[in-house]
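Tertiary structure, described
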Amino acid sequence: MGEAAEESGAPPVEDGDVPAAPATASPDEPAAAGVDDAGEPAQEPGASSESAAPADGGAPVEGSAEGGGEATSGPVDGEGGDAAGAPDGAPPPDGEAAPAAAEGEGEGGDAGAGAAEAAGDAEGPPGEEAAEGEGGEAAGDEGGEGGEGAAEGEGAAEEEAPPPPPPPPPVELEPLPEDYVPVRDRPPIPEPFLRNEEGKPVPLPGVESLFLTGTTVDLVGLQGLGPGNITRELTREVLLGDIQFRGAISDFHAYKAKIQAADYEPLIIRFNEDDVYGDGNNYEIALTAEAANVWKAIAEETESRKRLLELEAAHVAAEKAKPRSKRVRKVKPWVSMGSEVDIEEASVRPRREPIRLVVQRKRREFHQPGAKLADKDAHELWNSSQMECRPFKDPNFDMRRMEQDVAVQAVAPLRDAACQSTGAIPPRPAVTQTEALDLGPEAKAELLSKPVAERGSVAGFLERVRDLAEVAMVQNEITNIFRDDLAALNDEADGGGGGSRKETLVSEAQSFTHLTFSKNKVVSAIQWLPHRKGVVAVACTEAQSHAERVARMGRTSPAHILLWNFRDPIHPELVLQSPWEVFAFQFNPLHPDLLTGGCYNGQVVMWDLSSEADRLGRRAAAAAGGGKAGGVTEAGGAVSTSGAAADRLGGSVSAKGPDLTPPSTAMGTTLGAGGLGATEAASSSSADGDAHIPVVKHRFLTDTQFSHHQVVTDLQWLPGVEISHRGKVTKLGEGSKECNFFATIAADGKVLFWDVRVEKLLKKGKKADELLDVVWKPIHSVHLISLIGMDLGGTRLAFDFKRLDQGMFYAGSFDGELVYADFIKPEGEENPDYAKSCLQAHVGPVIALERSPFFDDIVLTCGDWQWQIWQEGQATPLFASGYAQDYYTAACWSPTRPAVLYLADQSGSVEVWDLLDRSHEPSIRVTLAATPIMSLAFNPMPASASAAQQAAQQLLAVGDATGVLRIMELPRNLRRPVHNEKKLMGAWLERQQARLADVAARQPARGAARKEAEERKKEAEAMALAEAAAREAAAKDAAAAAAAGIPPPQADRREKKGAPPPPEFDEKAEQEYLKLEARFKAQLGLLPPEANGSAH
Amino acid sequence: MVDVAAVDETFKRLQSHKGVLGIIVINADGIAVRTTFDNDLTVQYAALVSHFTVKARSAVKKLDGENDLRFLRIRSKKHEIMIAPEFEKSHEYYLVVVQDPSQGTL
């Protein structure tokens, strides 16, 4: 079996190039069992010299292969024999080169031997340990078959544990030898028994396993054997004596012969505590010297290793006690991880022989002139690319300097002074203080009094430089030195009308139309929502003629006001529903949730958006991206304003009587009431995708009986005033936030004033439900009479909002009249004539009546083909435009430029009149649509906005006759006022006034002159007539005379027609004339020759 | 004494112009020889203007060695400072006139 093991150990493992160690290698000869790829010879302790030695130590390889895995090579050797072959227990040779495999194998051997300390030896990583342990067990089990296993197993996992270098000899301890092999790296202590084929332990040859009873133990003196002390030497005599004394019952009786034959003395008995052989015996006895020696060697080796371990531990402890810097660092040997292959691959090696090249030149060509050199002018080379060194100017030699001798006194004369330093941080009291140089008064006086001619005279100096200074000062005086020329230039560029195309182009920014609500309807009124940016309200009416309307009169035709938000060009943000078509509407300028509109049938409708504004605000905020500051504030503003409006409405209710339902309830019931007085959001199912558009129904409708009887054409809110039933106007305080009244004008000649606080009309004690019963009546009514004594067909209203309390307003009519009236009812008159003046301004209806936003007393009127500018109190227009090609449909002032007007006409064009530029034709004319434009509106700007801000964002909303709302962006030159434009416009107006005055002043003279001229003209005409008549008569006479014989048919005719010649006719002249005529006729060949002849 | 009168006369004449805030004559050392400003302002003007003028002159001379500074006008937001240094002849004094033509005569 031992041989088998050795043989199995011998075959080299995997690598064919590793020389196989002979199985019978001598102990001195290290068996090169394997060479790892790092080139380190893995040397193994030599195999046992005795084949009898148990050689199953190779068996663990099997186990290692199982546990360790991918070991490439490793020594597989019967080092089990090592112990046997090294009876002196010396450490294996070449300890430093011991492969790691030795460890695994050693462990296996230990385990196989069942040595308890094997586990203690295994100090490797846990995984390794486990693998090793496993291997050891396997080895122990398999015994002799380890040979094959070794061949397959190819060595232990040697790479797992590279041989650690020996610890250096500590100074104070017993030094370890230079080539010291740590105990744990040494081959295991051989087992004190052999193993059979199954790997089961069997006693060594010459050893007998026996069972000693306690009596025997006591008799022969074996007491006290146990772990750590397992052998005892007994003389042969003792044993034989025992046999002799006890006879057959002696435990040694069976071995009497062998004991007697034992070749050594004393005999060794070993305690077999674990019953390793499994035969129930507890002791074994070596009966040959050989076996005894094995045991002794094992015991000694165990002992020496124990000592060495202690020494090692002491060394380790000493090493640990040293400071870190003094510790010996373990230098790990290089281990190949495959990098040498990479280096090999990366290195470049010549693949072929280097090419050899021989360049030769004939000897005789040496030192021959190769290039031809010639002179060249320098200037030819300048600027040429061949020149390498270009000439340049060296500034170092430019300046010629004379020698200078300058001395500088760098230190000011010292002076002692005390001062309080300002508290700088950190305080620096030692800051150098300087004092300005000064001359004493005497020195100054001396300088000043030096005569002019003398050197250093102040007077002479002043004389010389005075003129220079004066020229400069005069220049400064005659021009404004602080004028910013560039800014002025900018202004001129703006106002000059020049600039790029973009700056002068009126461009369309956006357009809105809705298939259901506005398509093919007339946009009859536009208003930008006050307090909200980018929202326009548009009233749409059917494009019907008057006759068509009359035909379907009396039937309600629901109409809508659309709120367009710039964010959504497809769907209106809100739709306000009205029972009748709305021709004029306006938002309350101070409470923008309130909106009133005038209907076709004369009624006035009011909407309250306060419930909607909340929702719209939220929607706007959501659309703005949920958190955009502007959106949020806008929403917040809307909410707060709506809240304010609600409070106000509710407040007026509760103010009426404390016993009323609370405001919120009142609002709620109003909401629920439906029909007339309810605000209700209903989804419109009329168009696809419009379902989400909220529709708001009107809240109040005026009483038909007390309303207008014809179409309401204009509606104006009157902020800041309080109007009583008798037409008394009280002005509210400055900055008042009240706006409760509005005025409407209609074609029935009435201007009605309404109070929006409808709840106020509720009788005390009435429930809010009875809002429906409220009769909303106008507070005040003004009746206007037209020029021909009929009701004035009012079209437009224009109040002077700054002087509302004076009650003066303008109204335009369908017949082109311009009425200047006072709506304050005079005291004591029952049917007063409110109109102060009524003038025929236009031929057609007045379609625009607007006060200039810059001049309070200037009013723009527009009708038919002409527009006019009126000054308050004047009976004639200040200025009247020429007649345009197309009928005007809308007009308004520019909100930022005092001299600019916008007019829209029937052909779909917008005209821009810049009165400072030219007044006989529009400055710009833009065709926006193919259909007539019906209304114009500018976006409002908060009063707080500066002029520049206002000018920065100016949009013009244009509504046409097909329901399209266009938002036009105006060019910069139309937005920004020219420098001093208001002043210039004022001057222009003054010139017009002067012209009017001049015309008026010359009126009598001109009238007289005209009369005179007319008279003269009449006289001249009469004279001319008479003359002509006379001439005719004479001609007739002559003809009659000439054609006496054969009267020509002409003469006949003339004679019939002609009057009888006057008797006092001059014969002579007649003769002359006739002659002439006759000759003339003859020349023309009109007369027959006979007549001709007879004439002569 | 005659020449003191001449100096006074020149000062009066210069001051008669519109908006003249003050006149200083500074010598080459930066010492105000005669002034119509109060003392603090005079010292400030004298120190700063003479430095500035020397700098300006050096700029002009470095651009062209034959050139020289004749007159210097500093237009500020509030007024204009006119400096007549007379480098060409004696280089003894600077005349400094501060004028705000938008103001009336002093």
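An unreviewed UniProt entry lists chain B under the name Dynein light chain roadblock, with Edaphochlamys debaryana given as the organism. Recorded under Subcellular location (unreviewed entry), the UniProt text for chain B is reproduced unchanged: "Cytoplasm, Cytoskeleton".

On record in UniProt, under Subcellular location (unreviewed entry), the comment for chain A is "Cytoplasm".

Let us now look at the overall build of chain A. Summing up its helical and strand segments, chain A has 28 helices and 40 strands in all. Across the 1096 residues that make up chain A, the buried fraction comes to 44%. Sequence separation of 24 or more characterises 62% of the internal contacts of chain A that already satisfy a separation of 6 or more. When the accessible surface of chain A is totalled, it reaches about 59,900 Å², and 55% of it is carbon and sulfur.

Before going further, it helps to examine the pattern of salt bridges. All names here are of chain A. Tallied over the entire structure, the rule returns 29 salt bridges over all chains. A salt bridge links R1031 to E1027; its shortest N-O distance comes to 3.1 Å. Taken as a pair, R1031 and E1027 lie in helix 25 (residues 1003-1042) at a separation of four residues, close to a single helical turn. Overall, R1031 belongs to the exposed group, its relative accessible area being 56%. Members of the salt-bridge network, linked through shared partners, are D886, D905, E911 and R925.

Residue and element names in this part refer to chain A. In terms of residue burial, strand 23 (residues 741-746) counts as a mostly covered element, since six of its six residues are buried. In strand 23, alternate side chains face the same way, and those of F741, A743 and I745 on one face and F742, T744 and A746 on the other are all buried. Remark: three residues form the turn of the hairpin made by strand 23 and strand 24 (residues 750-755), two consecutive strands paired antiparallel; G749 in that turn has positive phi of roughly 85°.

A few words now on the interface of chain A and chain B. With 33 residues of chain A in contact, the opposing surface of chain B contributes 43 residues. With both chains or domains summed, chain A and chain B bury close to 3,300 Å², and 67% of this area falls on carbon and sulfur atoms. Taken together, the links from chain A to chain B amount to two salt bridges. At the junction of chain A with chain B, the criterion picks out 13 residue pairs in polar contact (both at pLDDT 80 or more). Those elements that place two or more of their residues in the side of chain A that touches chain B are helix 14 (441-448) and helix 15 (458-478) of chain A. With 17 residues, the single largest contributor to the side of chain A that touches chain B is helix 15 of chain A. Here the residues of the side of chain A that touches chain B sort into 19 nonpolar, five polar and nine charged.

With that out of the way, let us pick up the confidence of the model for chain B. In regions of low pLDDT, the predicted coordinates are not meant to be interpreted in detail. Residue and element names in this part refer to chain B. Across chain B, the average pLDDT comes to 87, with 94% of residues at 70 or higher. Across chain B, the secondary-structure element scoring lowest on mean pLDDT is helix 1 (residues 2-15), at 85, and the one scoring highest is strand 4 (residues 80-84), at 93. Both scores are available for the predicted complex, with the pTM at 0.44 and the ipTM at 0.86.

Residues and elements named next belong to chain A. Among the nonpolar cores identified, the biggest contains 28 residues, and L222, L239, F252, I259, L267, I269 and Y283 are the most heavily contacted of them. Those elements giving two or more residues to this core turn out to be strand 5 (207-210), helix 8 (214-220), helix 9 (236-246), strand 7 (267-271), strand 8 (283-286) and helix 11 (289-321). Ranked by the residues each element gives to this core, the list is headed by strand 7, at four residues. Residues in contact with I259, not counting those within four places in the same chain, are R236, L239, L240, I243, F252, L267 and L287.

Strand order in the open sheet formed by four strands is 30-31-32-33 (chain A), with antiparallel pairing between adjacent strands. One side of each edge strand has no neighbouring strand; the edge strands of this open sheet are strand 30 (846-851) and strand 33 (879-880) of chain A.

Before going further, it helps to examine helix 14 of chain A. Residues and elements named next belong to chain A. When we look at burial in helix 14, the residues that qualify are K444, L447 and L448. The arc that holds every buried residue of helix 14, seen down its axis, measures 95°, which confines them to one face. Turned more than 90 degrees off the buried face of helix 14, the exposed positions are E442 and E446.

Right, let's talk about the packing of helix 25 of chain A against helix 27 (residues 1067-1084) of chain A for a bit. Residues and elements named next belong to chain A. Where helix 25 meets helix 27, the closest approach of the two axes is 9 Å, and the angle between their N-to-C directions is 70°. Comparing the axis directions of helix 25 and helix 27 gives the class roughly perpendicular. Where helix 25 approaches helix 27, its residues A1034, A1035, D1037, A1038, A1039 and A1041 are matched on the opposing element by E1070, Y1073, L1074 and E1077.

This brings us to the sheet that holds strand 27 (residues 808-813) of chain A. Residues and elements named next belong to chain A. Strand order in the open sheet formed by four strands is 26-27-28-29, with antiparallel pairing between adjacent strands. The two strands at the open ends of the sheet, each matched to only one other strand, are strand 26 (794-799) and strand 29 (835-840). Taken pair by pair, the neighbouring strands of this sheet meet at an average axis angle of 20°, ignoring direction. Judged from the five bridges that link them, strand 28 (residues 817-822) and strand 29 form a sheet pairing that is antiparallel. Note on strand 29: the bridge partner recorded for V819 is C838.

All names here are of chain A. When pLDDT is averaged along chain A, the result is 70; 65% of the residues meet or exceed 70. Low pLDDT, under 50, characterises residues 1-161; the stretch is placed with 266 contacts to residues that sit more than four places away or in other chains. This model gives residues 492-501 a pLDDT under 50, and the stretch forms seven contacts once residues within four places in sequence are excluded.

For residues besides glycine, phi is generally negative; the peptide bonds are generally trans as well. Residues and elements named next belong to chain A. Positive phi, normally seen in glycine, also occurs at D864, with a value near 40°. Structurally, the position occupied by D864 is in the loop between strand 31 (858-863) and strand 32 (866-871). Exposure remark for D864: the relative accessible area of 1% places this residue in the buried category.

On to the packing of aromatic side chains. Tallied over the full model, the rule gives 19 aromatic pairs over all chains. For the pair B:F87 and B:Y94, a centre-to-centre distance of 6.0 Å together with 80° between the ring planes defines the contact as edge-to-face. For the pair shown, B:F87 and B:Y94 are each scored as buried. Grouped by ring-pair contacts, the aromatic residues A:F512, A:W528, A:W564 and A:F566 constitute a single cluster.

Rules used in this analysis
Residues numbered from 1 in each chain as written. Chains lettered and ligands numbered in written order. Predicted model: local features only at pLDDT ≥ 70, side-chain atom pairs only at ≥ 80, totals over all residues. Heavy atoms only, no water. UniProt positions renumbered as here; feature names shortened; annotations may be inferred. Helix = DSSP H or I, 4+ residues; strand = E, 2+ residues; numbered from the N terminus. Buried < 20%, exposed > 50% of the residue type's maximum accessible area, 1.4 Å probe, protein only. Contact = heavy atoms within 4.5 Å. Areas by Shrake-Rupley, 256 points an atom, 1.4 Å probe, with all protein chains shown as cover. Salt bridge = Lys/Arg side-chain N within 4 Å of Asp/Glu carboxyl O. Pairing = 2+ DSSP bridges. Buried area = accessible area lost by both parts, 1.4 Å probe. Polar contact = N/O pair within 3.5 Å; in protein donor to acceptor, adjacent residues only side chain to side chain. Nonpolar A, V, L, I, M, F, W, Y, C, P; charged D, E, K, R; others polar. pLDDT = per-residue confidence, 0-100. Core = buried A, V, L, I, M, F, W, Y, C linked by side-chain atoms within 4.5 Å. Arc of directions from axis to C-beta. Axes fitted to C-alpha atoms, helices over the stretch in contact; angles between N-to-C directions. Parallel < 35°, antiparallel > 145°, perpendicular 65-115°, else oblique. Phe/Tyr/Trp six-rings, centres within 6.5 Å; stacked < 30°, edge-to-face > 60°.

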